[in-house]
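What follows is the residue order along each chain.
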Amino acid sequence: MDVIDFHSHVLPGIDDGSRNLDTTAGMLGMCYDNGVKTMIATPHFYAEHDRIEVFLERRQNAYEQVADLGLEKSPKLRLGAEVAYFKGISKAEKIPLLTIQDTDIMLLEMPFYTWDKSVIYEVRELIEKRHLRLIIAHLERYIKLSGNKPAIAELLELPVIVQVNAGSLLDWKQRGAILKLFKAGKAQLLGSDCHGMNHRPPNLWLGREVIRQKLGSDILDKIDEFGNGLL
Ligand SMILES: [Fe+2]
């Protein structure tokens, strides 16, 4: 079964992630050496500054530059996007174009303000009316928003997939709450959310090691089974 990184900013020059091809090659090599077999490339998509077609063209160009390197030691890349929530997202006609390649699954970045009813309503619409499956990016980051706990509980009532950043498991202040989520089956996936070689480097395997030590390999197997089943 492949070890899959579900969240990465590994494509060069497309967002605040990898700045250039050298950095991308370094990140991919490091992931390969540490057992990552598949990486979902999820550059940021912000509807307020971008159009979907233009974004997809930029993403394709970046991907082709990486493919042209012909790296032998690299995880397989699958294209996706980290789509930032915006008002009206559930009605945006072309939103399904932003799903992970060959799937109906979209990585959704939720707002960094306390979620009101309309946020949960639109997430529900994306699932029920637009028939998308949603991975909620780094859920742990929204738990910190003041007054957001009731909305998170409402979100978790929906059939969403929850991704956690591997790096958050390295932070002892966050670790306990995240481990509880995995134990309770409320979180299913890990991603590195890597942005470069120095700042926010790839670290999926470090988060996996914390899970192995604290919860045992069974939970890691579950994460891998679930992730492989999605692709
Ligand atoms: Fe991200």
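Data block above holds the structure.
On a predicted model such as this, the values are computed, not experimentally measured, just so you know. (Residues numbered from 1 in each chain as written. Predicted model: local features only at pLDDT ≥ 70, side-chain atom pairs only at ≥ 80, totals over all residues. Heavy atoms only, no water.)

Student: Give me the lowdown on the overall build of the chain, citing residues and values where you can.
Tutor: Summing up its helical and strand segments, the chain has eight helices and nine strands in all. The C-alpha radius of gyration computed for the chain amounts to 17 Å, which stays within 12% of the reference 17 Å derived for 231 residues, consistent with globular compactness. With 231 residues in all, the chain has 53% of them scored as buried. Residue pairs in contact within the chain that sit at least 24 positions apart in sequence constitute 76% of those at least 6 positions apart. Within the structure as shown, the chain displays about 11,000 Å² of accessible surface, and the carbon and sulfur contribution to it stands at 50%. (Helix = DSSP H or I, 4+ residues; strand = E, 2+ residues; numbered from the N terminus. Rg over C-alpha atoms; globule rule 2.2 N^0.38 Å. Buried < 20%, exposed > 50% of the residue type's maximum accessible area, 1.4 Å probe, protein only. Contact = heavy atoms within 4.5 Å. Areas by Shrake-Rupley, 256 points an atom, 1.4 Å probe, with all protein chains shown as cover.)

Student: Describe the packing of helix H6 (residues 172-183) against helix H7 (residues 204-215), and please don't skip the residues or the numbers.
Tutor: Their axes nearest at 11 Å, the elements H6 and H7 cross at an angle of 75°. As the angle between them shows, H6 and H7 are arranged roughly perpendicular. For the pair formed by H6 and H7, the contact residues are Arg-175, Leu-179, Phe-182 and Lys-183 on the first element and Val-210, Ile-211, Lys-214 and Leu-215 on the second. Of the residues assigned to the contact of H6 with H7, the class counts are five nonpolar, no polar and three charged. (Axes fitted to C-alpha atoms, helices over the stretch in contact; angles between N-to-C directions. Parallel < 35°, antiparallel > 145°, perpendicular 65-115°, else oblique. Nonpolar A, V, L, I, M, F, W, Y, C, P; charged D, E, K, R; others polar.)

Student: Could you give me a rundown of the packing of aromatic side chains, with the residues and numbers involved?
Tutor: We describe a pair of aromatic rings using the distance from one ring centre to the other and the angle between the two ring planes. Evaluation of the coordinates by the stated rule reveals three aromatic pairs. Geometrically, the ring pair formed by Phe-45 and Phe-55 is edge-to-face, given 5.3 Å between the ring centres and 75° between the ring planes. One end of the pair, Phe-45, is in strand E3 (residues 44-45); the other, Phe-55, is in helix H2 (residues 52-69), and 10 residues separate them in sequence. Each ring, one from Phe-112 and one from Tyr-142, has its centre 5.4 Å from the other, and the planes form 35°; the classification is tilted. (Phe/Tyr/Trp six-rings, centres within 6.5 Å; stacked < 30°, edge-to-face > 60°.)

Student: I'd like a rundown of the coordination of the iron ion, residues and numbers included.
Tutor: Looking at the metal site, the iron ion is ligated by His-7 (NE2), His-9 (NE2), Glu-82 (OE) and Asp-193 (OD), spaced 2.0 to 2.2 Å from it. If you look at the iron ion, its four donor atoms make angles of 82 to 167° with each other, and the shape they trace is irregular. (Donors = N, O, S within 2.8 Å, 3.2 Å for Na, K, Ca; no water. Tetrahedral: all angles 85-135°; square planar, octahedral: opposite > 155°, others 65-115°.)

Student: Describe empty space enclosed by the protein, listing the residues and the values that go with them.
Tutor: Summed over the entire model, instances satisfying the criterion amount to one cavity of 30 Å³ or more. What the largest cavity holds in volume is close to 60 Å³. What lines the largest cavity is Asp-2, Ile-4, Phe-6, Leu-189, Leu-190, Leu-204, Arg-208, Ile-223, Asp-224, Gly-227 and Asn-228. For the lining of the largest cavity, the secondary-structure elements that each account for two or more residues are strand E1 (4-8), strand E9 (189-191), H7 and helix H8 (217-230). (1 Å grid on protein atoms, 1.4 Å probe; cavity = no way out; pocket = protein on both sides within 12 Å on 5 of 7 lines; lining within 4 Å. Points joined across faces, edges and corners; volume = space filled by probe spheres on them.)

Student: I'd like to hear about H6, residue by residue, with values.
Tutor: Because an α-helix packs 3.6 residues into every turn, residues spaced three or four apart end up facing the same way. Relative to the 16 Å expected for 12 residues at 1.5 Å per residue, H6 spans 17 Å between its end C-alpha atoms, a close match to the ideal helical length. Looking at H6, one finds that the buried residues are Gln-174, Ile-178, Leu-179, Leu-181 and Phe-182. With its buried residues spanning 155° around the axis, H6 presents them on a single face. Exposed residues on H6 whose side chains face more than 90 degrees from its buried face are Trp-172, Lys-173, Lys-180 and Lys-183. (Expected span 1.5 Å × (residues − 1). Arc of directions from axis to C-beta.)

Student: Any chance you could break down the layout of surface pockets for me, citing the residues and the numbers?
Tutor: The space that makes up the largest pocket amounts to roughly 160 Å³. Around the largest pocket, the lining residues are Asp-16, Gly-17, Arg-19, Thr-23, His-195, Gly-196, Met-197, Asn-198 and His-199. Looking at side-chain class alone, the lining of the largest pocket contains one nonpolar, six polar and two charged residues.

Student: I'd love a proper account of the environment of Asp-171, names of residues and values included.
Tutor: Structurally, the position occupied by Asp-171 is in the loop between strand E8 (161-165) and H6. A relative accessible area of 26% means that Asp-171 is categorised as partly exposed.

Student: Mind laying out unusual backbone geometry, listing which residues take part and the relevant values?
Tutor: Even without being glycine, His-138 reaches a positive phi, approximately 25°. Relative accessible area serves as the criterion here: at 0%, His-138 is assigned to the buried category. In this model, Asp-193 sits at a positive phi of 55°, which is unusual for a non-glycine residue. With respect to the helices and strands, the residue Asp-193 is situated in the loop between E9 and H7.

Student: A description of the side chain of Thr-99 should follow, citing residues and the corresponding values.
Tutor: By the secondary structure assignment, Thr-99 is in the loop between strand E5 (82-84) and strand E6 (105-109). A polar contact of 3.3 Å, which involves the side chain of Thr-99, links it to the backbone oxygen of Thr-103. When sequence neighbours within four positions are dropped, the list of residues in contact with Thr-99 reads Leu-79, Gly-80, Asp-104, Ile-105, Met-106 and Leu-132. (Polar contact = N/O pair within 3.5 Å; in protein donor to acceptor, adjacent residues only side chain to side chain.)

Student: An account of the side chain of Ser-18 is needed here, citing residue identities and associated values.
Tutor: Along the chain, Ser-18 falls in the loop between E1 and helix H1 (21-33). Residues within four places of Ser-18 in sequence aside, it is in contact with His-9, Val-10, Leu-11, Pro-12, Gly-13, Thr-23, Thr-24, Met-27 and His-195.

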